[in-house]
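# Fold and contact review
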Amino acid sequence: MVSLSFHDNMRHTILSMAVEPFSFDVINMIKDSEYFVPGSQEGKMSWTVADAVDYKGFQADRSKTGGWIPAALILGIEICERLSTMGIAVNLVTYLVSTVHLPSSTSANVVTDFMGTSFLLCLLGGFLADSFLGRYKTIAIFAIIQTLGTGTLAIATKLPQLRPPPCHASASHRCKAANGFQMGILYMALYIIALGTGGLKSSVSGFGTDQFDEKDEKEKAQMAYFFNRFFFFISTGTLMAVTVLVYLQDEVGRSWAYGICSVSMFVAILIFLSGTKRYRYKKSLRSPLVQIFQVIVAVINKRKMELPYNVELLYEDTPVATRIHHTDQFHFLDKAAIVAEGDFEINVVSAPNPWRLCSVTRVEEVKMIVGLLPIWATTIIFWTTYAQMITFSVEQAFTMERSIGSFQIPAGSLTVFFVAAILITLALYDRLIMPFWKKWKGKPGFTNLQRIAVGLVLSTFGMAAAAVVEKKRLAVARAADSTTATLPLSVFLLIPQFFLVGAGEAFMYTGQLDFFITQSPKGMKTMSTGLFLTTLSLGFFVSSFLVSVVKRVTGSNDGQGWLADNINHGRLDCFYGLLAVLGIINFVPYLVCAVWYKPRKPKPGLMMETIVNGSSAEDKC
């Protein structure tokens, strides 16, 4: 296939037709031009994508690879991943309490540890994709792993030998908890799923973007539309998980629900593999983590050296078009760019040893990552708050009146209000807040740091509302008979806490993603997405840590305390109040870090200011 070279005007004319049927006039115009090369596949013209290859390793043909159809095949994997992960997470705590007979706090920690590990393993998936496997193989392998995990979980919840005998706990009788072997099988299934989730999350969105050429305006616009649909499918998968799948778990059987997850992922894998010949593949590059460690090692080796008086004396071998200008921030890292004896091998004309000498651009890229860390650290608490929505809030719902006529709402399905809050908030932001803000301030919307701040504030209010509602619920629980399974209190009292934290996530998620992608080096997109996902991971782990500490400090030998084995006998309202106080305390250093941070102007292809309404190019994890 012959690759054509176009002048700017000719290229604009042809590429504007790249995804539309050619008219005969256009074909004749091309044939009449000096840029048409006959003799290649019966005179059909072709053009290639510079930085992508096809499944055979040849330069990707724009007319035969990439675009909407391959991207759509990838979205099926994302729907099934979200269906499995969220379907398990939002309702797992009720299974652990009622069937496995674990204490309330232990059940919450099992869920948060599972979710935290899932997001933490995104770093492993990203590293493997960047350094060894590539995104295509990473998606295929980890999708199979998740299929095996959900299949194992279906078996673990089906066989009576893998769970303790049924029992109804009372004040005088405690049910027998699952033994070590039973818990081992359950943990194995959960963490196989976590491994699969981590690998998928790190690569699905990136492989989706690989199907579009950012250098082409038409395809760049298509990529923006793809990310809108990507977020839509994330929401759709979550909505199906917290409604249909949770209902199947409670009314039909968990093994059936988890089996459906396994089968649907298997089908999604087959659909994904069917597009192998249509995908565009980007060559794997060295992991950004390696680059960061190289700069750190070089700085340590040259820690005693003095910086030159003129920054022009620092080493730079990056092409001018892609260089990042030197900044004075974190100037101690500049020592990695000091040229010293031994940095180059003798009698060998080659690049320097990257573990001894790094270019200014590479150092500046590491500086950009370091500059993100204060904001990164002060957003973790939000996801600790979020963790309560799929643990203790679901336990609260399990004890409350959930009937609408003859239909009983599954406790895990209360998170549908959480998802609804996200979608409503995004719509209001798009249709009301952004136009108002543009008229008042002359800007298209909140900055990413402002959106993060709004998310932190809303989550704090959410925990305050949760504390008030829980205080009311506990008063009813103490007045009721100790044998009462369902309290005479409507579950819809929990809506404010779900709505406030859900609205907070709409701002936090888009704000964080915007911030980490636009303020990171272009070559470290995977790293920036990994940083974002580690805030979720650490938020869940911090939740587990807080639960353990509060349990130890306030608990007693008979299973009482703030986080009692039975939440009707505890003080969950105090725990929610503690999280609200921590949110207020955390907001102060966040404001300091936000004022201190000096944003770098993002390049046009990375603008994320309107990530929630899709009017410009955007990136999603």
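What comes next is a walk through the structure. Here the structure is a predicted model, which means the values were calculated and not measured.

### Let's talk about the overall build of the chain
When helices and strands are tallied, the chain shows 16 helices and six strands. When the 621 residues of the chain are sorted by exposure, 53% land in the buried category. Contacts in the chain between residues at least 24 apart in sequence constitute 80% of all its contacts with a sequence separation of at least 6. On the chain, roughly 28200 Å² of surface is accessible, and the fraction owed to carbon and sulfur atoms is 64%.

### Description of the pairing of strand β6 (residues 487-490)
Alternating positions in β6 separate cleanly, Leu 487 and Leu 489 being buried on one face and Pro 488 and Ser 490 remaining unburied on the opposite face. Bridging between strand β3 (residues 400-401) and β6 involves two bridges; their strand directions are parallel. Bridging from a neighbouring strand, Glu 401 pairs with Ser 490 of β6.

### Some details on the side chain of Gln 249
Looking at the secondary structure, you find Gln 249 in helix α6 (residues 217-251). A relative accessible area of 4% means that Gln 249 is categorised as buried. Apart from the residues lying within four places of it in its own chain, the contact partners of Gln 249 are Gly 87, Ile 88, Asn 91, Arg 254, Ala 257 and Tyr 258.

### Concerning the pairing of strand β1 (residues 48-53)
In this sheet, strand β2 (residues 59-61) lies alongside β1 in antiparallel orientation, the contact comprising two bridges. Within β2, the position partnered with Thr 48 by the bridge is Asp 61. Counting the residues between successive antiparallel strands, the hairpin from β1 to β2 contains five residues, one of them, Gly 57, with a positive phi of roughly 95 degrees.

### Examining a nonpolar patch on the surface
Together, Val 263, Phe 266, Val 267, Leu 270 and Ile 271 make up a nonpolar patch on the protein surface, roughly 440 Å² of accessible area in all. Structurally, the position occupied by Leu 270 is in helix α7 (residues 254-274). Overall, the relative accessible area of 45% leaves Leu 270 in the partly exposed class.

### What to know about the environment of Thr 535
The topology assignment puts Thr 535 in helix α15 (residues 525-554). Classification of Thr 535 as buried rests on a relative accessible area of 0%. Sequence separation between Thr 535 and Gly 116 is 419 residues, and the spatial gap between their C-alpha atoms is 9.3 Å. Among all residues touching Thr 535, those that are not within four sequence positions of it are Trp 376, Thr 379, Ile 380, Trp 383 and Gln 512.

### What to know about the packing of aromatic side chains
Tallying each qualifying case throughout the model produces 31 aromatic pairs. With 6.0 Å between their ring centres and 45 degrees between their planes, Phe 207 and Tyr 281 make a pair best called tilted. Of this pair, Phe 207 sits in helix α5 (residues 180-210) while Tyr 281 is found in the loop between α7 and α8 (288-301), placing the two residues 74 residues apart along the sequence. Taking the relative accessible area as the measure of exposure, Tyr 281 reaches 13% and is therefore buried. Ring centres of Tyr 429 and Phe 507 lie 5.7 Å apart, and the angle between their planes is 90 degrees; this geometry places the pair in the edge-to-face category. Residue Tyr 429 is found in helix α12 (residues 416-441), and its partner Phe 507 is found in helix α14 (residues 495-518); the two are separated by 78 residues along the sequence. Given a relative accessible area of 7%, Phe 507 falls into the buried group. Ring-pair connections join several aromatic residues into one group, and the members of that group are Phe 119, Phe 382, Trp 383, Tyr 386, Phe 418 and Phe 540.

Parameters at a glance
Residues numbered from 1 in each chain as written. Predicted model: local features only at pLDDT ≥ 70, side-chain atom pairs only at ≥ 80, totals over all residues. Heavy atoms only, no water. Helix = DSSP H or I, 4+ residues; strand = E, 2+ residues; numbered from the N terminus. Buried < 20%, exposed > 50% of the residue type's maximum accessible area, 1.4 Å probe, protein only. Contact = heavy atoms within 4.5 Å. Areas by Shrake-Rupley, 256 points an atom, 1.4 Å probe, with all protein chains shown as cover. Pairing = 2+ DSSP bridges. Patch = residues over 30% accessible without salt bridge, like charges linked within 9 Å, V, L, I, M, F, W, Y side chains within 5 Å. Salt bridge = Lys/Arg side-chain N within 4 Å of Asp/Glu carboxyl O. Phe/Tyr/Trp six-rings, centres within 6.5 Å; stacked < 30°, edge-to-face > 60°.

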